[in-house]
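Residues per chain, in single letters:
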Amino acid sequence: LYALIMCFCTLAFQIICVLICCKRWRYCIKIHFVFKLTEYKEFFAFVSYHLLGSAAIICRSQGSVMLVNYFFGTTTNAAYAISCSIQNIINNLVANFDSAAAPQLVQSVAAGDNDRALYLTKKTCRLCMIIMSLAFFPILFETDFVLQIWLKNVPEGAVLFTKFTLFVAFMSANSAG
């Protein structure tokens, strides 16, 4: 039920945004339907690769949660949840920076300035790795201290899980750039 409500809210928001854009900017938005499947070949290729990557990430994260829930107790589950929270905070920090650079990349590609787009991509990747490193290394080396300040009563295994999930986040950010 929750998933259906979230899906409905996302679709409703998307439809409202499209309607508002069509009403406010009629002169630049032209909606027409294309019925040739050959026109969608490149689009479907991109979507299929993106879908495959998203499915792999979901299977990795949810599969880990299911395995921890099935084979371990409540304390280990809490420790894993805490480590995932820290990983999500760091990933969101990097993703927000990456999102801030996206409009300039889109503008460069749309203008046909591929050299600038490549330059911006390289700079963004480097800066994302620097930001990730600034968050990753201090937390990695002082995990006990950080969790003690944050939680006071740290569950057994939270430090180990946090170090592993931070390492996975760091490698994911490194391989994405």
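Owing to the predicted nature of the structure, the values given are computational and were not obtained by experimental measurement.

**Focus on the overall build of the protein chain**
Each helix and strand in the protein chain was counted, giving 6 helices and 0 strands. Secondary structure elements of the protein chain occur, N-terminal to C-terminal, as α-α-α-α-α-α. Taking 2.2 N^0.38 as the reference for a compact globule, 177 residues should give roughly 16 Å; the C-alpha atoms of the protein chain span a radius of gyration of 21 Å, well beyond that estimate. Counting only C-alpha atoms and orienting by the principal axes, one finds that the protein chain spans roughly 60 × 45 × 30 Å.

**Section: unusual backbone geometry**
Apart from glycine, the bulk of residues carry a negative phi angle, and the bulk of peptide bonds sit in the trans form. A positive phi angle is found at K152, which is not glycine, with a value near 70°. Take K152: it is sitting in the loop between α5 (143-151) and α6 (158-176).

**What about the environment of Q148?**
Its location among the elements puts Q148 in helix α5. Sequence separation of Q148 and V159 is 11 residues, and the distance between their C-alpha atoms is 9.9 Å. At 2.6 Å, the side chain of Q148 forms a polar contact with the backbone oxygen of K152.

**Side note on the nonpolar core**
The nonpolar side chains of soluble globular proteins are, as a tendency, buried together. The biggest cluster of nonpolar side chains holds 22 residues, and the ones touching the most others in it are I86, I90, M132 and L166. Sorting the residues of this core by element identifies α3 (74-110), α4 (114-141) and α6 as the ones contributing at least two each. What M132 contacts, discounting residues up to four positions off in sequence, is I90, N91, V94, A169, F170 and A173.

**Remarks on the environment of K163**
Structurally, K163 can be placed in helix α6. Given a relative accessible area of 33%, K163 falls into the partly exposed group. Along the primary structure K163 and K122 are separated by 41 residues, whereas in three dimensions their C-alpha atoms are 28 Å apart. In this structure, K163 is in contact with L140 and T143, ignoring residues within four places of it in sequence.

**What to know about the side chain of T124**
By the secondary structure assignment, T124 is in helix α4. For T124, a relative accessible area of 8% translates into the label buried. Among the polar contacts listed, one links the side chain of T124 to the backbone oxygen of L120, at a separation of 2.7 Å. In contact with T124, not counting residues within four places along its chain, are F97, D98 and A101.

**Concerning the environment of A95**
Mapped onto the secondary structure, A95 falls in helix α3. As for A95 and C128, which are separated by 33 residues in sequence, their C-alpha atoms are 8.2 Å apart.

**Focus on a nonpolar patch on the surface**
There is a patch of nonpolar side chains on the surface, built from L37, F43, F44, F46 and V47 and spanning about 550 Å² of accessible area. With respect to the element layout, F44 can be found in helix α2 (residues 41-71). Residue class for F44 comes out partly exposed when judged on its relative accessible area of 45%.

Each value, and the rule that gives it
Think of each chain on its own: its residues are numbered from 1, step by step along the sequence as written. Per-residue local features are limited, in this predicted model, to residues with pLDDT of at least 70; the limit for side-chain atom pairs, both in listing and counting, is 80 or more; totals at the level of whole chains, interfaces and linings are taken over all residues. The side-chain figures draw on all heavy atoms in the structure; neither hydrogens nor water molecules are used. For the purposes of this entry, the term helix denotes a DSSP run of H or I that reaches at least four residues, the term strand denotes a run of E that reaches at least two, and both are numbered from the N terminus. Radius of gyration: C-alpha atoms only; globule rule: 2.2 Å multiplied by the number of residues to the exponent 0.38. Side-chain atoms alone can form a polar contact between residues adjacent in sequence; in general such a contact is a pair of N or O atoms within 3.5 Å, and within protein one must be able to donate a hydrogen while the other accepts it. As used in this record, nonpolar core signifies buried Ala, Val, Leu, Ile, Met, Phe, Trp, Tyr and Cys residues forming a set joined through side-chain atoms within 4.5 Å. Type-normalised accessible area, obtained with a 1.4 Å probe on protein chains alone, sets the label of each residue: buried when under 20%, exposed when over 50%, and partly exposed for intermediate values. Note on contacts: a residue pair qualifies if any of its non-hydrogen atoms lie within 4.5 Å across the two residues. Like-charged residues are merged into a patch within 9 Å and nonpolar side chains (Val, Leu, Ile, Met, Phe, Trp, Tyr) within 5 Å, provided each residue has over 30% relative accessible area and no salt bridge. Only the protein chains shown count as covering a residue, and every accessible area follows the Shrake-Rupley method with a 1.4 Å probe. What makes a salt bridge here is a side-chain nitrogen of Lys or Arg within 4 Å of a carboxyl oxygen of Asp or Glu, nothing more.

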